[in-house]
Amino acid sequence: MNTLKNQLETLQSLQLNSHGRDFLLTWEKSADDIRALTLVAECLSELHRAGKPFRVYDTGLAISIFRDNSTRTRFSFASAANALGLGLVDLDEEKSQIAHGETVRETANMISFMAEVIGIRDDMYLGEGNKYMREVSAAVQEGFELGVLHRRPSIINLQCDIDHPTQAMADLVHLKQHFGSLEALRGKKIAMSWAYSPSYGKPLSVPQGIIGLMTRFGMNVTLAHPEGYDLIPDVVTLAREQSADSGGRFEVVSSMEDAFRDADVVYPKSWAPYSVMQRRTPLLRQGDRAGLKALEQECLANNARFKDWECDEKKMRLTRQGAALYMHCLPADISGVSCAQGEVAAGVFEKHRIATYREASFKPFVIAAMILLSRVKDVAGLLRKLARD
Amino acid sequence: MNTLKNQLETLQSLQLNSHGRDFLLTWEKSADDIRALTLVAECLSELHRAGKPFRVYDTGLAISIFRDNSTRTRFSFASAANALGLGLVDLDEEKSQIAHGETVRETANMISFMAEVIGIRDDMYLGEGNKYMREVSAAVQEGFELGVLHRRPSIINLQCDIDHPTQAMADLVHLKQHFGSLEALRGKKIAMSWAYSPSYGKPLSVPQGIIGLMTRFGMNVTLAHPEGYDLIPDVVTLAREQSADSGGRFEVVSSMEDAFRDADVVYPKSWAPYSVMQRRTPLLRQGDRAGLKALEQECLANNARFKDWECDEKKMRLTRQGAALYMHCLPADISGVSCAQGEVAAGVFEKHRIATYREASFKPFVIAAMILLSRVKDVAGLLRKLARD
Amino acid sequence: MNTLKNQLETLQSLQLNSHGRDFLLTWEKSADDIRALTLVAECLSELHRAGKPFRVYDTGLAISIFRDNSTRTRFSFASAANALGLGLVDLDEEKSQIAHGETVRETANMISFMAEVIGIRDDMYLGEGNKYMREVSAAVQEGFELGVLHRRPSIINLQCDIDHPTQAMADLVHLKQHFGSLEALRGKKIAMSWAYSPSYGKPLSVPQGIIGLMTRFGMNVTLAHPEGYDLIPDVVTLAREQSADSGGRFEVVSSMEDAFRDADVVYPKSWAPYSVMQRRTPLLRQGDRAGLKALEQECLANNARFKDWECDEKKMRLTRQGAALYMHCLPADISGVSCAQGEVAAGVFEKHRIATYREASFKPFVIAAMILLSRVKDVAGLLRKLARD
């Protein structure tokens, strides 16, 4: 790992384009912006470890909008906001008047008079989550340009239907620390594999986020899933193109074993098929309980055909020297622990449990880094000052 | 608009009586206190625009009690508290033991050991909301006098059955900025008009707040509503008396067109008739769903007789030079947008939309100003210092 | 009362063992640690009264986990966190994914990346609450030792099935202030008595907390309850042993009158029998509504046999000079006020009402003191500095 001094020198050498920008999809960010984000997150983590606070705001609000349940992302966002000196206010839409016909653009301005950042999770409806974030973004842009808002808050995607950038970036920092550098990822094989789960309707954003980010660093990215469990086609196409550009490899296979063979990293994780999510969205919107129940039954029955897609000891032995890094966004469906049979065997998970905690530990620092890079012009200078104090 | 220097000189010339006092009804405040509140709110807004924080507390709590839904007032209160350095804690009565027989006076003290301010919204029950605020006020006064509380928190009315002072004061600041000064309001005609809405049970506090405040500045205030849609009689009487004292005019008419004719400002907004609110209160208290449903049907049927009470282009053309300032506390019921037919035509609303956002934007600063004037003795000196830093 | 200078000298003379430790049961703490806690709480209260902030954190989180309703403890924890400079984040388990199979140890780490303290209320299930706290404690200890957490947050018991240490400690500070010193408690008689309530299922933690703490100061502790309303046997045994060690007296009687006779302090408070709580736990866990209803009926019928266990004027006259200090953790079931007949007569409660508020007022300062003693090595030095500023 670089020393702080080296990290800051690297940071200063990058061409950044994050200031004043939202963070909605990792692939909208330049390679330098991604690299900067890992550096800033690592520096903030080191400052925190050393007991050096990195408060940069005296007052100001961080607004969160959670349109789906969340524990770890909620706490990560709260932690990042607090560490920077921002007060957290959650827009709980059940409590608000949004249900009574307020338009998104109006609400976006009403909550933003003193906001510096708005974090949004909206991952339930395919085709909706990222779109909603862009509506909020356009609304505060209009409010700012027309003088309603004194400052334009930055929007941060805390998981949508397409990407989960705070997770994928935390995963990238984890990989960077595990292998020593972003350069060291070149040629490493990562298996992003579907895994069996006795639940259904899990978002596609994690696997999409992984193939959408890791294909940029020359990695050999293998996406594995049973037939029918496709991701959004556009994201797969993007991953393929990025992989070619970065000098890596990208392939899609239909066997967990094939994916795991000689892998340096495995990421076994369940998700719902793209086509099911497409059918689910109108049912959810119409509140069609019978239709949803029928779809769930159909989907669970189909899932059950692939119970052998479990990350067990045997499959782990297929990986490079049987010692691949196991990754998961948590919580995992652990066979015999959180369900009868699930994504991962209990023994495999337990062996890697603390490593998955460490993986998760980068998320608050990644979010804080996203906020800093969006709000502060000279982040390197700021970090230098914070490290000195 | 005055420069900051002029504003602070004016502020210092006023005889203030707000220190240590609650803010429960605008008409309990002297003209100087109201004027000071507009000045302080404007200064805080300018400080925020200039990126100068106005944190005055190191620690301390702002407690909110919302007995009805709210988005914008909730965020305005949170924003004001945060900007002043206070931590926000919401008393969520569903979570608390209040449902289990705690008396108001006990709870008021239990939540106040470190509180500087308590903001309350309680607007559902006619005859109850403002009364509840005074009970809380008396309870913390007793606790303070008997040594239980080290400081007596100030109570701020975030909307009750009688008044909505944070809204009315934000509206006044908006009018002041639109016309250039409070003096410039003299002789200007404001039409506070009922408007059709496909909902019922909307509080009376906004129209009452408007006629209870704007009649103090020599404005020509016209209250318009269909027969039967009266406000609380005492508030109408008060408005009439204040109008006479201030050299303005006050009249009640039964036609939106009459109200709009030559108006400089229009405020078309639906509300439930006073008599319906009176009948609704015991039904709500008894949880009489059938009775509430019957009353709603009756009331909606009656509303439907007045669908032409819509603020449309044609009526807007009746106003002074067809160019009246359109005001609304938001969210508005917009015909063809948030409902089939409502308070305002889509074209009219869209034309004035950003102006209504600006109107709303003063609320956090008004609330912060209420807190400062209640808690800090030399607010002018404080603002001078904040502006210098 | 000692002056601050004397208090700090006493504090510095104590052998403390609280740094880096959780606060789960008062009887796990040394006499010096308990004494220190009263001193620090009193100093913080005096600082607050004098308008001297005692913020010690720039940033950092205080996490709260409330597995049962709470108003006063929730606000006390929020107040303490805010006063020390910590941001409050509540883990609302309904909002989180905990219901979907997350293990305690995982969640404990996921919420703790920037946490300094975790306050937990878990008092519903006999045999579960304190155990859960220890699981959280072990989990963050593991996370810290294995490098996942940069710091190990301290766990504070905000009420469990066994003890209610923040309440008992606030009660002790109240007694100390009432009688002048901890030494003055020696030989004073305190009657911890069951009282009638028209509800059932009230936790045992308050009476257990009182007999588990007050027996350590040479007090004559009398526990009174009707036959069958036993507390957890182990806690009663512990109280008996502690009493012998401290040179006090401990007895269990089955009459409120016997307990009140010549008492210096009375603490009449309802609770559910230990045996009922034991039967209730599996029913709650199974969600057996019929079983719970039947148990409630049986228990209420049994309670009704003891309606004369009310703290009334007549019984108060039995106390020392008819002038015992009345204590209650609030809210009390007040006859004719919060219920037809309850724990205390309206006249008795009203006479002592403000004193019970004062009793409660120590809780935020007790919690802040618990946090300081656990997180800061030289608390005496810190307080000296804070008092000077």
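Since the model is a prediction, treat every value here as computed from it, not as a measurement.

Draft legend 1. How the structure looks around the overall build of chain A. When its secondary structure is counted, chain A shows 15 helices and nine strands. Dimensions of chain A, computed from C-alpha atoms along their principal axes, come out at roughly 55 × 55 × 40 Å. Relative to its full complement of 389 residues, chain A shows a buried share of 55%. Put simply, of all contacts in chain A between residues at least 6 apart along the chain, 83% involve residues at least 24 apart.

Draft legend 2. Seen up close, the domain arrangement of chain A. Residue and element names in this part refer to chain A. Along its sequence, chain A is carved into domain 1 (4-163 + 363-388) and domain 2 (168-361). For domain 1 versus domain 2, the separation of C-alpha centres amounts to 26 Å. Contacts between the two partners involve 21 residues from domain 1 and, on the opposite side, 23 residues from domain 2. If you list the elements that add at least two residues to the side of domain 1 that touches domain 2, you get α2 (31-49), β4 (154-160) and α14 (363-375).

Draft legend 3. Representation of the interface of chain B and chain C in the model. Between chain B and chain C, the residue contacts involve 23 residues of the former and 23 residues of the latter. Of the residues contributing to the side of chain B that touches chain C, the split by class is nine nonpolar, 10 polar and four charged.

Draft legend 4. Quick peek at the interface of chain B and chain A. Listed by partner, the interface residues are 23 residues for chain B and 23 residues for chain A. Of all elements in the fold, only α2 (31-49), α3 (72-84) and α13 (346-361) of chain B reach the threshold of two or more residues within the side of chain B that touches chain A. By residue class, the composition of the side of chain B that touches chain A is 11 nonpolar, eight polar and four charged.

Draft legend 5. Quick look at the sheet that holds strand β3 (residues 115-122) of chain A. All names here are of chain A. Spatially, the four strands line up as an open sheet ordered β2-β1-β3-β4, and their pairing is parallel. Edge positions in the sheet fall to β2 (87-90) and β4, since each of these pairs with one other strand and no more. The sheet shows a mean angle of 20 degrees between the axes of neighbouring strands, direction not considered. In this structure, strand β1 (residues 61-66) lies alongside β2, joined through four bridges in parallel fashion. In the sheet register, I63 faces β2, and the bridge partner there is V89. Here α14 sits on the sheet and contacts β3 and β4; the angle it forms with β4, its principal contact strand, is near 150 degrees.

Draft legend 6. Looking closely at the nonpolar core. Among the nonpolar cores identified, the biggest contains 373 residues, and A:V40, B:V40 and C:V40 are the most heavily contacted of them. Non-local contacts of B:V40, meaning those with residues more than four positions away in its chain, are made with B:L11, B:A369, B:L372, B:L373, B:V379 and B:L383.

Draft legend 7. Main features of helix α13 (residues 346-361) of chain C. Residue and element names in this part refer to chain C. The end-to-end C-alpha separation of α13 is 22 Å, in line with the 22 Å expected for 16 residues at 1.5 Å each. At R353, α13 shows its strongest bend, of approximately 55 degrees. All buried positions along α13 are accounted for by V348, F349, H352, R353, T356, Y357, E359, A360 and S361.

Draft legend 8. Here's a closer look at helix α6 (residues 165-179) of chain B. Residues and elements named next belong to chain B. With 15 residues, α6 should cover 21 Å at 1.5 Å per step; its first-to-last C-alpha distance of 21 Å lies within 8% of that length. In terms of burial, α6 is largely enclosed, as 12 of its 15 residues are buried. Looking only at α6, the buried set comprises P165, T166, Q167, A168, M169, A170, D171, L172, V173, H174, L175 and K176. Just downstream of α6 lies G180, where phi reads positive at about 105 degrees.

Draft legend 9. Region of interest: the pairing of strand β6 (residues 220-224) of chain A. All names here are of chain A. Most of β6 is tucked away, with five of its five residues classed as buried. Because side chains alternate across β6, one face comprises the buried residues N220, T222 and A224, and the other comprises V221 and L223, equally buried. In this structure, strand β5 (residues 189-193) lies alongside β6, joined through five bridges in parallel fashion. In the strand pairing of β6, M192 is matched with L223. With helix α7 (residues 205-214) bridging β5 and the parallel β6, this β-α-β connection has right-handed handedness.

Draft legend 10. Representation of the packing of helix α1 (residues 4-13) of chain B against α2(B) within the structure. All names here are of chain B. Where α1 meets α2, the closest approach of the two axes is 10 Å, and the angle between their N-to-C directions is 150 degrees. Considering the angle they form, α1 stands roughly antiparallel to α2. Considering the relative orientation of α1 and α2, their crossing is left-handed. Contacts between α1 and α2 involve L4, Q7, T10 and L11 on the former and, on the latter, A36, L39, V40, E42, C43 and E46. Looking at the contact of α1 with α2 residue by residue, the class counts come to six nonpolar, two polar and two charged.

Draft legend 11. Structural detail: the relation of the copies chain B and chain C. Here chain B sits on chain C after a turn of 120 degrees about the axis and a move of 0.0 Å along it, with an RMSD of 0.0 Å. The relationship between the two copies is best expressed as a three-fold rotation axis. Measuring from the rotation axis to each C-alpha of chain B, the shortest distance belongs to B:G87, at 4.7 Å.

Draft legend 12. The confidence of the model for chain A, seen in detail. All names here are of chain A. Confidence in the prediction for chain A averages 94 pLDDT; 97% of positions are at 70 or higher. Across residues 96-101, confidence stays below pLDDT 50; counting only partners more than four residues off in sequence or on other chains, it has 15 contacts. Reported for the predicted complex are a pTM of 0.96 and an ipTM of 0.95.

Draft legend 13. Unusual backbone geometry, seen in detail. Note the cis peptide between B:L330 and B:P331, where omega equals 0 degrees. Phi is positive for B:Q159, close to 125 degrees, though the residue is something other than glycine.

Draft legend 14. Spatial organisation of the packing of α6(B) against helix α14 (residues 363-375) of chain B. All names here are of chain B. Between α6 and α14, the least distance of the axes is 9 Å, while the angle of their chain directions is 110 degrees. In terms of orientation, α6 and α14 fall into the roughly perpendicular class. Between α6 and α14 the crossing geometry is right-handed. In contact with T166, M169, A170 and V173 of α6, α14 contributes K363, V366 and I367. Residue composition of the contact of α6 with α14, grouped by class: five nonpolar, one polar and one charged.

Draft legend 15. Region of the structure containing the environment of C:D58. Summarising the element assignment, C:D58 is placed in the loop between α2 (31-49) and β1 (61-66). Judged by the 13 C-beta atoms lying within 10 Å of it, C:D58 falls in the partly exposed class. Separated by 27 residues in the primary sequence, C:D58 and C:G85 have C-alpha atoms spaced 6.0 Å apart. Apart from the residues lying within four places of it in its own chain, the contact partners of C:D58 are A:P53, A:R55 and C:G85.

Draft legend 16. Quick look at the sheet that holds β6(A). Residue and element names in this part refer to chain A. If you trace the five strands from one edge of the open sheet to the other, you get β7-β6-β5-β8-β9, paired in parallel fashion. Each having just a single partner strand, β7 (249-253) and β9 (325-326) make up the two edges of the open sheet. Across the sheet, helix α8 (residues 233-246) touches β6 and β7, and the angle it forms with β7 is around 145 degrees.

Draft legend 17. Up close: the environment of C:H48. As for its placement among the helices and strands, C:H48 is situated in helix α2. Distance from C:H48 to C:I63, taken between C-alpha atoms, is 23 Å for residues 15 residues apart in sequence. Here C:H48 is in contact with B:M114 and B:H150, once residues within four sequence places are set aside.

Rules of the game
- Residues numbered from 1 in each chain as written.
- Chains lettered and ligands numbered in written order.
- Predicted model: local features only at pLDDT ≥ 70, side-chain atom pairs only at ≥ 80, totals over all residues.
- Helix = DSSP H or I, 4+ residues; strand = E, 2+ residues; numbered from the N terminus.
- Buried ≥ 20, exposed ≤ 12 C-beta atoms within 10 Å, placed from the backbone.
- Contact = placed C-beta atoms within 7 Å.
- Domains from an automatic or database assignment.
- Nonpolar A, V, L, I, M, F, W, Y, C, P; charged D, E, K, R; others polar.
- Pairing = 2+ DSSP bridges.
- Axes fitted to C-alpha atoms, helices over the stretch in contact; angles between N-to-C directions.
- Core = buried A, V, L, I, M, F, W, Y, C linked by C-beta atoms within 7 Å.
- Expected span 1.5 Å × (residues − 1).
- Bend = angle between axes of the 7 residues up to and from the residue.
- Right-handed = clockwise from strand over helix to strand, strands pointing away.
- Parallel < 35°, antiparallel > 145°, perpendicular 65-115°, else oblique.
- Left-handed = near helix turned anticlockwise from the far one by under 90°.
- Least-squares fit on C-alpha atoms with pLDDT ≥ 70 in both.
- pLDDT = per-residue confidence, 0-100.

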